[in-house]
Amino acid sequence: MTDDPGRPLTRVKGGPQRADLLELFFDLAFIASLTLVSQQMAAEQSWTGIGEALLVLSTLWAVWVTTTLITDTYSPRKRPIPYLILGIMFGVMLMSAALPTAFRDHGLVFGGTWAVINLGRGLVLIRSQRGRQGQERSVRALAWSLSAGALWVVGGLLDDPGWRLGVWLAALAVDYIGFGFRFPVPGRPALPRYEVSPEHLAERYQQIYTLTLGELVLVSVLGLSHQPFTPDRIAAFGTAFLTGVVLWWSYAGGAGATLRTAIEASPHRARLVQTNPYAHWLMVAGVVGTAAGVERIIAEPGERPGSVMTALILGGTGLFLCGRAVLEHEVYGRVPLSHVLGVAATIALAPLAAHLPGLTVGVAAALVLVGVALGELLRMRRRSTPASVAP
C-alpha cells in the first residue's frame, strides 16, 4: 500500500487493471452470506420467508456492487481505500451473522450496519477527495445514503416482521434508484456516466459468479456427506453436479467470457455498465435458489417439494436464464430463443412439479438447462462454420 498524498486515488490509465487480492479476500465475506441465504431459503416453507431471503440477498448484493465500483474507480493499493474495503468487509460479516434472525431479534444489527457502511464509505471518500474531481459524486451518494439509512434503521427498530419487510423494501428501492440514476439532486445537473476499467470490471463479475457456483458445489457435497449414500441421493448429487456444470458453461462459454471485449467495444458502454449489476444479480439469485433446492432434494429426494420449494428449484433455473438473457442482449444485442423457451418451460412445469418427487423436479430443471445449453452450442457452431463457396 502507498500513501503518497501527491498521487491520485483513481486508477492510473495504462497501469495494472487486474483485480487485487484484497478484492478476492473481500469476496469471502460475501460468499459466506450466500451460504446463509441459501440455508435460510432451504429451511423456510413460506412465501414470506423466501421474500425475506431475497431482500437480504439483494441488500448484500448492493454492498458487493458498490464496493466493486469503488475498487474499479480507485486503486485498492492507495490509502485509505484498503482500510475502507476491510471496514466494509467487517460490516458484511456482521450483517451475515445477523442474517438468520434479521427479521426477529437482530434487525437493528442488520439494517444499522448497512446504514453505517454507506455513511462511513461516503465520509471517507469525501475526505479523501478533498479538492479533487469526483468529490461531488461522493457528496450526492452520501445524501441518498442518509435517506436510505434512516429507513434501514427505522425498519430495524420495528417489531412486526411484515412492517420491517415493507420499510426495508422501500430502503432498498432508494439504494437501487440512487445508484441506477447516478444520485440525482434537484436543481443540479446530472452526474457524468460511470467511468470504468473494462478489464477490471469484467474480471470482478466473472470472479463473483464463479465463486457463487461454489455455493452449489458446497451444498451438494455437505448435503450428501450428512446423509446415507442411497441410490436416489447419489442420483440427486449427480443431478446437482450436472446443473453446476451447465450453469458454469453457459456463462463461461458465452457472454460472460467476452464481457471485457463487449464493454470496451460497445457504443452503449454506459448502459452495459449499468445493466451488469442487475443481470448478474438475477444469475446469482438463480444459483442461490438452485442451491437451496438441491439441499432439500439431497436430504429428501422422494419428498414432494410443494409450491415454495418448487419455486426455488424451477424459479432458480428461470431466474438464471432471465439474467443470462439480459446479459446476452447487452453483450451481443440479441435475446436467444433457447433462453426464452427455457424460461417458458420452467413456468409450464410448475403446476405439475409440486406433485412430483423432489428428485424428479430437480432432473426436470437440469434437463431444461441442458436443452438451453445445447441450443447455445448449436448456435455457436453455426456462427463459426464458414459459408460454403461455390467452385
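Computed from a predicted model, the values in this text were never measured in an experiment.

Rules used in this analysis
Residues numbered from 1 in each chain as written. Predicted model: local features only at pLDDT ≥ 70, side-chain atom pairs only at ≥ 80, totals over all residues. Heavy atoms only, no water. Helix = DSSP H or I, 4+ residues; strand = E, 2+ residues; numbered from the N terminus. Polar contact = N/O pair within 3.5 Å; in protein donor to acceptor, adjacent residues only side chain to side chain. Contact = heavy atoms within 4.5 Å. Expected span 1.5 Å × (residues − 1). Phe/Tyr/Trp six-rings, centres within 6.5 Å; stacked < 30°, edge-to-face > 60°. Buried < 20%, exposed > 50% of the residue type's maximum accessible area, 1.4 Å probe, protein only. Lys NZ or Arg CZ within 6 Å of the ring centre and 35° of its normal. Patch = residues over 30% accessible without salt bridge, like charges linked within 9 Å, V, L, I, M, F, W, Y side chains within 5 Å. Areas by Shrake-Rupley, 256 points an atom, 1.4 Å probe, with all protein chains shown as cover. Salt bridge = Lys/Arg side-chain N within 4 Å of Asp/Glu carboxyl O. Axes fitted to C-alpha atoms, helices over the stretch in contact; angles between N-to-C directions. Parallel < 35°, antiparallel > 145°, perpendicular 65-115°, else oblique. Nonpolar A, V, L, I, M, F, W, Y, C, P; charged D, E, K, R; others polar.

**As for the side chain of Thr-101**
Examined against the element boundaries, Thr-101 turns out to sit in the loop between helix H3 (81–98) and helix H4 (107–128). For Thr-101, the side chain forms a polar contact with the side chain of His-106, separated by 2.6 Å. With residues near it in sequence (within four places) discarded, Thr-101 still touches His-106 and Gly-107.

**Comments concerning helix H6 (residues 161–180)**
In a regular helix each residue adds 1.5 Å, so 20 residues correspond to 28 Å; H6 covers 28 Å between its end C-alpha atoms and thus fits that length. Positioned one or two residues after H6, Arg-182 has a phi angle of 60°, which is positive.

**Here we look at the packing of aromatic side chains**
Following the criterion strictly, the structure yields ten aromatic pairs and no others. Judged by centre distance (5.3 Å) and plane angle (65°), the rings of Phe-103 and Trp-168 are edge-to-face. With Phe-103 in the loop between H3 and H4 and Trp-168 in helix H6, this pair connects stretches of sequence that are 65 residues apart. The exposure class of Phe-103 is buried, given its relative accessible area of 6%. Taken together, the ring pairs in this structure connect Phe-30, Trp-61, Trp-64 and Tyr-205 into an aromatic cluster. Its end group placed over the ring of Trp-168, Arg-164 keeps NZ or CZ at 5.8 Å from the ring centre.

**Quick look at a nonpolar patch on the surface**
Residues Phe-25, Leu-28, Tyr-83 and Leu-86 make up a contiguous nonpolar surface patch of about 400 Å² in total accessible area. Counting residues per element, the ones that place at least two in the nonpolar patch are helix H1 (21–43) and H3. By secondary structure assignment, the location of Phe-25 is in helix H1.

**Overview of the packing of H3 against H4**
Helix packing for two helices is described by the angle between their axes and how far apart those axes are. The contact between H3 and H4 brings their axes to 9 Å, and the two run at 170°. On the basis of the axis angle, H3 is roughly antiparallel to H4. Residues Ile-81, Leu-84, Ile-88, Gly-91, Val-92, Leu-94, Met-95 and Ala-98 of H3 form the contact with H4, whose own contacting residues are Val-109, Phe-110, Thr-113, Trp-114, Ile-117, Arg-121, Val-124 and Leu-125. Partitioning the contact of H3 with H4 into residue classes produces 13 nonpolar, two polar and one charged.

**Describing the side chain of Arg-121**
Position of Arg-121 relative to the elements: it lies in helix H4. Only 2.3 Å separates the side chain of Arg-121 from the side chain of Asn-118, close enough to count as a polar contact. Residues in contact with Arg-121, not counting those within four places in the same chain, are Thr-66, Ile-70, Leu-84, Ile-88, Trp-114 and Ser-145.

**Things to note about the pattern of salt bridges**
According to the stated counting rule, one finds twelve salt bridges in the structure shown. Ionic pairing is found between Glu-203 and Arg-18, a salt bridge with its closest N-O pair at 2.9 Å. A residue pair is termed long-range when its members are at least 10 positions apart, and Glu-203 in helix H7 (residues 198–225) and Arg-18 in the segment before H1 qualify at 185 residues. Note on Glu-203: relative accessible area 12%, which makes it buried.

**Digging into the environment of Gly-111**
Its location among the elements puts Gly-111 in helix H4. In this structure Gly-111 comes out as buried when scored by relative accessible area, which is 0%. With 199 residues separating them in the primary sequence, Gly-111 and Thr-310 have C-alpha atoms 30 Å apart.

**Regarding unusual backbone geometry**
Trans is the common state for peptide bonds, and a negative phi is the common state for residues other than glycine. Cis rather than trans, the peptide bond between Arg-79 and Pro-80 has omega equal to 10°. Looking at the element boundaries, Pro-80 is found in the loop between helix H2 (47–73) and H3. Phi is positive for Arg-182, which is not a glycine, with a value near 60°. Within the element layout of this structure, Arg-182 appears in the loop between H6 and H7. Of note, the phi angle at Phe-183 is positive, near 55°, even though the residue is not glycine. Mapped onto the fold, Phe-183 is located in the loop between H6 and H7.

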